[in-house]
Amino acid sequence: MDVTALLAWYRAHRRSMPWRDEVSPYRTLVSEIMLQQTRVDTVIPYFQRFIGEFPTAEALAAAPLERVLERWSGLGYYSRARNLHAAAKAVAAEGGFPQDAEGLRGLPGVGPYTAGAIASIALGLDEALVDGNVERVICRQMAWAEDPKRIKARLWEQARAWLPKGEAGDFNQALMELGATICTPSAPSCLLCPVRAGCAGVDGPERYPAKAPKAAVPEAVAVAALLRDDGRVLLARRPATGLLAGLWELPGALGADLGAALTERVGLTLLDATPLGTVTHVFSHLRLHTTVYTAQAHGIAAAGGGYQEVRWVPAAEVDGMALSTLTRRTLALGSAPAAMPRKPRATRRPAPPS
Ligand code: SF4
């Protein structure tokens, strides 16, 4: 690979991004965690809002987790927000970021990829990184047809072998930028590629790397109730651990029995329910079909069945709660005010090996 040509191309064509235009370990950490499984365009406004409210690791560490989850609301994959908060606490407790990749890997939620990104981009260290884009570029350059999951060590070795001393940050970003904009998963633009010369896979790039067969995702059904009272909406807070931990949602449960769900989980007796529609949401491990009802119920709401808390929330305040994307979609189905879904996410790259 012509490393010089790649660096020259990157410096001439790199896209402007808020975490590139002003660099620090904290900004790189936040952006990289947000970019896991989320596109750059989607992340930019979230990043700016997040940094606006939590400009430093210390400010993030001092914020309640509930507020962090509210600011994360809509990005999905909330374990990322929890890890980021925990990492900020660790940094604040130590009085600053670790100054090498090994130390960075000790932070919650920071694996080899994210540590490599912070070390090279923000600390200027000669550290490599491998994410989904880099895997693809390497496999095509080398004409490696194996499943990348099976050749992790070889991919990292190759990334390190190309690393130009003193320019690792730009080089790593150049590899990722090439994968995101030129050496794309389908129909790569080889004619525009700055490292076309010497690319062993140029005659059939889409043969590399091998695509892992997709595992079938199990399906499940659930019910949820939109209960209103005097301009307020009943929300329930999920358990502190597990899927969508700690987030607020319309009360409901897995299965098809809305009456049982309301009795067991929020202590209400269902009087009447009208279906509003069904939302299908795909988690990494599950395709969930949630039927939403506008409902009337009797009783005094009280948390049970795993919920931590139930609350009648004024409709105007619903949007500011820590809600999952799924809940925003269920609320939108009932046209609950101030809770319209945000832009759908799309995968920017496969989950990094972090
Ligand atoms: S020449 Fe084509 S396959 Fe090779 S790195 Fe460039 S874009 Fe990818």
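Residues numbered from 1 in each chain as written. Predicted model: local features only at pLDDT ≥ 70, side-chain atom pairs only at ≥ 80, totals over all residues. Heavy atoms only, no water.

Participant: Got a minute to help me understand the pairing of strand 5 (residues 269-282) in this structure?
Facilitator: Walk down a regular strand and you will see the side chains alternate between the two sheet faces. Alignment of strand 5 against strand 6 (residues 287-298), held across 12 bridges, turns out to be antiparallel. Across the sheet, T269 pairs through a bridge with H298, a residue of strand 6. Where strand 5 folds back on strand 6, the antiparallel hairpin that results is connected by 4 residues. (Pairing = 2+ DSSP bridges. Helix = DSSP H or I, 4+ residues; strand = E, 2+ residues; numbered from the N terminus.)

Participant: Help me out: how do you make sense of the confidence of the model for the protein chain in this one?
Facilitator: Low pLDDT marks regions whose predicted coordinates should not be analysed in detail. Averaged over every residue, the pLDDT of the protein chain is 92; residues scoring 70 or more account for 95%. This stretch, residues 336-354, has a pLDDT under 50; its non-local contacts, to residues over four places away or in other chains, come to 64 contacts. (pLDDT = per-residue confidence, 0-100. Contact = heavy atoms within 4.5 Å.)

Participant: So what exactly am I meant to see when it comes to the site of the ligand here?
Facilitator: Taken together, R140, Q141, I182, C183, C190, C193, R196, C199, V202 and P205 make up all the residues around the ligand. When atom positions are compared with the pocket grids, the ligand is found to occupy the second largest cavity. (Near = heavy atom within 4 Å. 1 Å grid on protein atoms, 1.4 Å probe; cavity = no way out; pocket = protein on both sides within 12 Å on 5 of 7 lines; lining within 4 Å. Sits in = over half its atoms within 2 Å of the grid points.)

Participant: What am I meant to see in helix 12 (residues 168-181) here?
Facilitator: Given a rise of 1.5 Å per residue, 14 residues ought to cover 20 Å, and the 20 Å separating the end C-alpha atoms of helix 12 matches this to within 8%. For helix 12, a buried count of 11 out of 14 residues is recorded, marking the element as mostly surrounded by other parts of the structure. Buried residues in helix 12 make contact with helix 1 (3-13), helix 2 (18-21), helix 9 (112-122), helix 10 (132-142) and helix 11 (152-162). (Expected span 1.5 Å × (residues − 1). Buried < 20%, exposed > 50% of the residue type's maximum accessible area, 1.4 Å probe, protein only.)

Participant: So what exactly am I meant to see when it comes to the layout of surface pockets here?
Facilitator: The gaps of empty space that remain are located by a probe, the size of a water molecule, rolled over the atoms. Taken as a whole, the second largest pocket encloses approximately 320 Å³ of empty space. If you go around the second largest pocket, you meet 20 residues; those closest to its centre are A222, R238, E249, A253 and L288. For the lining of the second largest pocket, the secondary-structure elements that each account for two or more residues are strand 1 (219-229), strand 4 (252-254), strand 6 and helix 14 (325-333). Broken down by class, the residue content of the lining of the second largest pocket amounts to 13 nonpolar, 4 polar and 3 charged. (Points joined across faces, edges and corners; volume = space filled by probe spheres on them. Nonpolar A, V, L, I, M, F, W, Y, C, P; charged D, E, K, R; others polar.)

Participant: When you look at unusual backbone geometry in this model, what are you seeing that I'm missing?
Facilitator: In most cases, non-glycine residues show a negative phi, while peptide bonds are predominantly trans. Cis peptide bonds are those with omega within 30 degrees of zero, and the linkage from Y208 to P209 qualifies with -15 degrees. In this fold, P209 is placed in the loop between helix 12 and strand 1. Even without a glycine there, the phi angle at A187 is positive, about 45 degrees. Here A187 lies in the loop between helix 12 and strand 1. Unlike most non-glycine residues, D230 shows phi in positive territory, near 55 degrees.

Participant: Could you clarify how one ought to interpret the packing of helix 3 (residues 25-35) against helix 4 (residues 40-53) in this entry?
Facilitator: The relative placement of two packed helices is expressed as an angle between their axes plus a distance between the axes. Taken N-terminus to C-terminus, the directions of helix 3 and helix 4 make an angle of 140 degrees; their axes are 10 Å apart at the nearest point. Comparing their axes, helix 4 and helix 3 come out oblique. Helix 4 is crossed by helix 3, and the crossing has right-handed handedness. Residues Y26, R27, V30, S31, M34 and L35 of helix 3 form the contact with helix 4, whose own contacting residues are V40, V43, Y46, F47, F50 and I51. Among the residues forming the contact of helix 3 with helix 4, the class breakdown is 10 nonpolar, 1 polar and 1 charged. (Axes fitted to C-alpha atoms, helices over the stretch in contact; angles between N-to-C directions. Parallel < 35°, antiparallel > 145°, perpendicular 65-115°, else oblique. Left-handed = near helix turned anticlockwise from the far one by under 90°.)

Participant: Just to check I follow, could you spell out the domain arrangement of the protein chain for this structure?
Facilitator: Segmenting the protein chain into domains produces domain 1 (3-207) and domain 2 (219-333). The centre of domain 1, based on its C-alpha atoms, is set 36 Å off from the matching centre of domain 2. Across the boundary between the two partners, domain 1 contributes 8 residues, which contact 13 residues of domain 2. Carbon and sulfur atoms make up 45% of the area that domain 1 and domain 2 hide from each other, which totals about 780 Å². (Domains from an automatic or database assignment. Buried area = accessible area lost by both parts, 1.4 Å probe.)

Participant: Would you explain the environment of V3 in this entry?
Facilitator: The topology assignment puts V3 in helix 1. Taking the C-alpha atoms as reference points, V3 and A315, 312 residues apart in sequence, are found 55 Å from one another. When sequence neighbours within four positions are dropped, the list of residues in contact with V3 reads W162, P164 and F171.

Participant: What should I look at first to understand the packing of aromatic side chains in this one?
Facilitator: Where two aromatic rings form a pair, the distance of their centres and the angle of their planes describe that pair. Enumeration according to the criterion identifies 3 aromatic pairs in this entry. Judged by centre distance (6.0 Å) and plane angle (85 degrees), the rings of F50 and W72 are edge-to-face. Of this pair, F50 sits in helix 4 while W72 sits in helix 6 (residues 65-72), and the two are 22 residues apart along the sequence. Both residues of the pair, F50 and W72, belong to the buried class. Within the aromatic cluster, the residues linked to one another by ring pairs are F50, F54 and W72. Its guanidinium or amino end placed over the ring of W144, R154 lies 4.5 Å from that ring's centre, counting from NZ or CZ. (Phe/Tyr/Trp six-rings, centres within 6.5 Å; stacked < 30°, edge-to-face > 60°. Lys NZ or Arg CZ within 6 Å of the ring centre and 35° of its normal.)

Participant: For this particular structure, what's the right way to read the pairing of strand 6?
Facilitator: Across 9 bridges, strand 1 lies against strand 6 in parallel orientation. The residue of strand 6 that forms the bridge with A224 is V292.

Participant: Sorry if this is basic, but what is going on with the side chain of H85 here?
Facilitator: Relative to the elements of secondary structure, H85 occurs in helix 7 (residues 79-94). Residue classification places H85 among the buried residues on the basis of a relative accessible area of 6%. Setting aside its immediate chain neighbours within four residues, H85 contacts L60, A61, A63, P64, L65 and V68.

Participant: Explain the side chain of Q158 to me, please; I cannot follow it from the model alone.
Facilitator: Among the structural elements, Q158 can be located in helix 11. For Q158, a relative accessible area of 14% corresponds to the buried category. Apart from residues lying up to four places away in sequence, Q158 is in contact with I138, M142 and W144.

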